[in-house]
Amino acid sequence: MQALIPFPNISPELVSISLGGFEIALRWYALAYIVGIILAFQISLMALRRVNLWAKQTPPMRDDQLEDLLFWVTIGIILGGRMGYVLFYQPGSYLSDPLAILRVWEGGMAFHGGVIGVVLAGWIFCRRHGLSKISTSDLVVLGAPVGLLLGRLANFINAELWGRPTDLPWGVAFPGAFAQDCGQLAGLCARHPSQLYEAALEGAVLLAVLLVLAFKRGALAYPGRITGVFFAGYGLARFLVEFVRQPDAQFVTDGNPLGLALHLNGIGLTMGQILSLPMILFGLWMIARSRREHT
């Protein structure tokens, strides 16, 4: 019998109450967003107050400006993440039912879209206040892996975004007919817990690297270096995990069982990998640029 791990019996809802016939629930996914943003803010605030970490001992903004930026970043995450999912993954479905775009409670957020939303929100904010865009970017991304870590753990609890079938002993039997449709003759279908892989790589590992670089290696004194490491690190982690992550259903066909968004004779890239490549290249460019500016 294949070794596998049964999916833990954890409800996606942390707490649920009924008010006037309406059911109001606090979900783990929403809590991950809230706690992730708060913790990321605290990490950024801690870095901002240590003036010795910044070039010329000059932090990019004041404490109160960081609080204002938090609001802009939150809006960018929500709007960008939603529109990214709509445009990158299911444009046809939402074109046929545009009002579905507003039904965010039904799920559907894309990290790459969230990044675009945050970049636009941050650019507008910096332009309005006359702040350094690159140093502000370093400040924002420093704590971002915390949100990624918590978000991927919430994906696991929700039993969503799971991986491809596997016979490895840590394969997880996720619930649901679709998750259990592996073409197996009998027994449960075990899949890669790709959400946990991403939580480890995009979250814990990347967070540790950024904190060491910022607080121990003086990387914040080189504008753009932290931003570059974040983009390259996330892009690489996501690119690698995509090899074991179950592709989005809209890309899977009889002639393309791997769900590759761009391929030739069965060899190609998933949508997640396509969107990650520009992030890797941009990150490497930012790292090289920060090095040239200080040599």
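Predicted, not measured: the structure shown is a model, and the values here were computed from it. (Residues numbered from 1 in each chain as written. Predicted model: local features only at pLDDT ≥ 70, side-chain atom pairs only at ≥ 80, totals over all residues. Heavy atoms only, no water.)

## A look at the overall build of the protein chain
The secondary structure content of the protein chain amounts to nine helices and six strands. Residues classed as buried in the protein chain amount to 41% of the 295 residues present. Counting contacts in the protein chain only where the partners sit at least 6 residues apart, residues at least 24 apart contribute 69% of the total. Accessible surface computed for the protein chain: about 15700 Å², of which carbon and sulfur atoms make up 68%. (Helix = DSSP H or I, 4+ residues; strand = E, 2+ residues; numbered from the N terminus. Buried < 20%, exposed > 50% of the residue type's maximum accessible area, 1.4 Å probe, protein only. Contact = heavy atoms within 4.5 Å. Areas by Shrake-Rupley, 256 points an atom, 1.4 Å probe, with all protein chains shown as cover.)

## Quick look at the packing of helix H5 (residues 133–141) against helix H8 (residues 225–241)
At a minimum axis separation of 7 Å, H5 and H8 run at an interaxial angle of 50 degrees. It follows from the interaxial angle that H5 and H8 lie oblique. Both H5 and H8 take part in a crossing whose hand is left-handed. Here Ile-134, Ser-137, Asp-138 and Val-141 of H5 lie close against H8, whose contacting residues are Arg-225, Ile-226, Thr-227 and Phe-230. (Axes fitted to C-alpha atoms, helices over the stretch in contact; angles between N-to-C directions. Parallel < 35°, antiparallel > 145°, perpendicular 65-115°, else oblique. Left-handed = near helix turned anticlockwise from the far one by under 90°.)

## With respect to the state of the cysteines
Under the definition given, this model contains one disulfide. Here Cys-182 pairs with Cys-189 through a disulfide, and the sulfurs are 1.5 Å apart. Every disulfide takes its handedness from the sign of the S-S torsion; for Cys-182 and Cys-189 that torsion is -50 degrees, giving left-handed. (Disulfide = S-S within 2.5 Å.)

## Some remarks on the environment of Ala-179
Of note, Ala-179 is situated in the loop between strand E4 (172–173) and helix H7 (194–215). It is 9.6 Å that separates the C-alpha atoms of Ala-179 and Gln-246, two residues lying 67 residues apart in sequence. Once you skip the residues sitting within four places of it in the chain, Ala-179 turns out to touch Trp-162, Phe-174, Cys-189 and Arg-191.

## Regarding H7
What sets the pattern is the α-helix's 3.6 residues per turn: residues three or four places apart point alike. Taking 1.5 Å of rise per residue, the 22 residues of H7 would be expected to cover 32 Å, and the 30 Å separating its terminal C-alpha atoms lies within 8% of that figure. When the local axis directions of H7 are compared, the greatest deviation, roughly 30 degrees, occurs at Leu-206. For H7, every residue scored as buried is listed here: Ser-194, Gln-195, Glu-198, Ala-199, Glu-202, Gly-203, Leu-206, Leu-207, Leu-210, Ala-214 and Phe-215. Those residues of H7 that are buried lie in contact with helix H1 (28–48), H5, helix H6 (144–157) and H8. (Expected span 1.5 Å × (residues − 1). Bend = angle between axes of the 7 residues up to and from the residue.)

## A short note on the packing of aromatic side chains
One pass over the full model with this rule turns up ten aromatic pairs. Considering the side-chain rings of Phe-7 and Phe-156, the 5.4 Å spacing of their centres and the 45 degrees angle between planes classify their relative orientation as tilted. Highlighted residues: Phe-7 in the loop between strand E1 (5–6) and strand E2 (13–19) and Phe-156 in helix H6, separated in sequence by 149 residues. When its relative accessible area of 18% is taken as the criterion, Phe-7 is described as buried. Under the relative-accessibility criterion, Phe-156 is labelled buried at 12%. Among the aromatic residues, those joined into a cluster by ring pairs are Phe-230, Phe-231, Phe-282 and Trp-285. (Phe/Tyr/Trp six-rings, centres within 6.5 Å; stacked < 30°, edge-to-face > 60°.)

## Looking at the pattern of salt bridges
One pass over the full model with this rule turns up nine salt bridges. Between Arg-245 and Glu-198 there is a salt bridge; the shortest N-O distance is 3.1 Å. Of this pair, Arg-245 sits in the loop between H8 and strand E5 (262–264) while Glu-198 sits in helix H7, and the two are 47 residues apart along the sequence. Assessed through its relative accessible area of 8%, Arg-245 is described here as buried. A single salt-bridge network, built from bridges that share partners, covers Arg-152, Glu-198, Glu-202, Arg-238, Glu-242 and Arg-245. (Salt bridge = Lys/Arg side-chain N within 4 Å of Asp/Glu carboxyl O.)

## Here we look at the nonpolar core
Leu-66, Leu-142 and Ile-226 are the most contacted members of the largest nonpolar core, which has 35 residues in total. For this core, the secondary-structure elements that each account for two or more residues are H1, helix H2 (63–88), helix H4 (111–129), H5, H6, H7, H8 and helix H9 (271–293). Residues in contact with Leu-66, not counting those within four places in the same chain, are Phe-41, Ser-44, Leu-45, Leu-48, Met-61 and Leu-139. (Core = buried A, V, L, I, M, F, W, Y, C linked by side-chain atoms within 4.5 Å.)

## Some details on the side chain of Thr-166
For Thr-166, the location among the structural elements is in the loop between H6 and E4. Looking at Thr-166, its side chain comes within polar contact range of the main-chain nitrogen of Leu-168, at 3.0 Å. (Polar contact = N/O pair within 3.5 Å; in protein donor to acceptor, adjacent residues only side chain to side chain.)

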